[in-house]
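# Descriptive analysis of the structure
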Amino acid sequence: MVPRIAPRLVLTMFTHSRCQLCVMAKEALEAVRQRVPFEMKEVDIRQPGNEKWFEEYKFDVPVIHANDEFLLWHRVNIDDTVAKLQEILKNAATSEPSNSSDS
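Structural notes, computed from the coordinates. Keep in mind that what you see is a predicted model, and the values were worked out from it rather than measured.

A few words now on the pairing of strand S1 (residues 10-15). Note on strand geometry: in a regular strand, side chains alternate between the two faces of the sheet. Of all six residues in S1, six are buried; the element is thus mostly enclosed. Here S1 shows a buried face lined by Val10, Thr12 and Phe14 and a second buried face lined by Leu11, Met13 and Thr15. Bridge count between S1 and strand S2 (residues 39-44): six bridges; the pairing is parallel. By the bridge assignment, Val10 is partnered in S2 with Glu39. Regarding the hand of the β-α-β motif, the stretch spanning S1, helix H1 (residues 20-33) and S2 is right-handed. As paired elements, S1 and strand S3 (residues 63-66) share four bridges and run antiparallel to each other. For Met13, the partnering residue across the bridge sits in S3 and is Ile64.

Structure below.
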């Protein structure tokens, strides 16, 4: 039997250096991380190479993706975000292929 690997959760915050809402979002996400572990990446939309994200989110930072899917923008409600992340993990765990021997 192959051991089950826990689903991995990676949050990506699209931000830039003058974003005050981003500072508040980071603080809220730290509180979320106490309840639901995740890896955090930041993408500065104003840096070279991030033109796609700048065009997409220039008026909307912070924007948070979970496992490369849109999760939220602007403000982080801790309880709502915890619930959304737990749902993502639950769905990821139930969508893994089973190890049944049907052949």
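On to the environment of Ala66. Structurally, the position occupied by Ala66 is in strand S3. The class for Ala66 is buried, based on a relative accessible area of 3%. In this structure Ala66 touches Leu9, Val10, Leu11, Leu71, Leu85 and Ile88, once residues within four positions along its chain are discounted.

Here four strands make up an open sheet; going across it, the order is S2-S1-S3-S4 and the pairing mixed. Strand pairing shows two members of the sheet lacking a second neighbour, S2 and strand S4 (69-73), which therefore form its edges. Adjacent strand axes in the sheet meet at a mean angle of 25°, parallel and antiparallel pairs treated alike. Examined bridge by bridge, S3 and S4 share four bridges and lie antiparallel to one another. Along S4, the bridge assignment pairs His65 with Phe70.

Conventions adopted
- Residues numbered from 1 in each chain as written.
- Predicted model: local features only at pLDDT ≥ 70, side-chain atom pairs only at ≥ 80, totals over all residues.
- Heavy atoms only, no water.
- Buried < 20%, exposed > 50% of the residue type's maximum accessible area, 1.4 Å probe, protein only.
- Helix = DSSP H or I, 4+ residues; strand = E, 2+ residues; numbered from the N terminus.
- Pairing = 2+ DSSP bridges.
- Right-handed = clockwise from strand over helix to strand, strands pointing away.
- Contact = heavy atoms within 4.5 Å.
- Axes fitted to C-alpha atoms, helices over the stretch in contact; angles between N-to-C directions.

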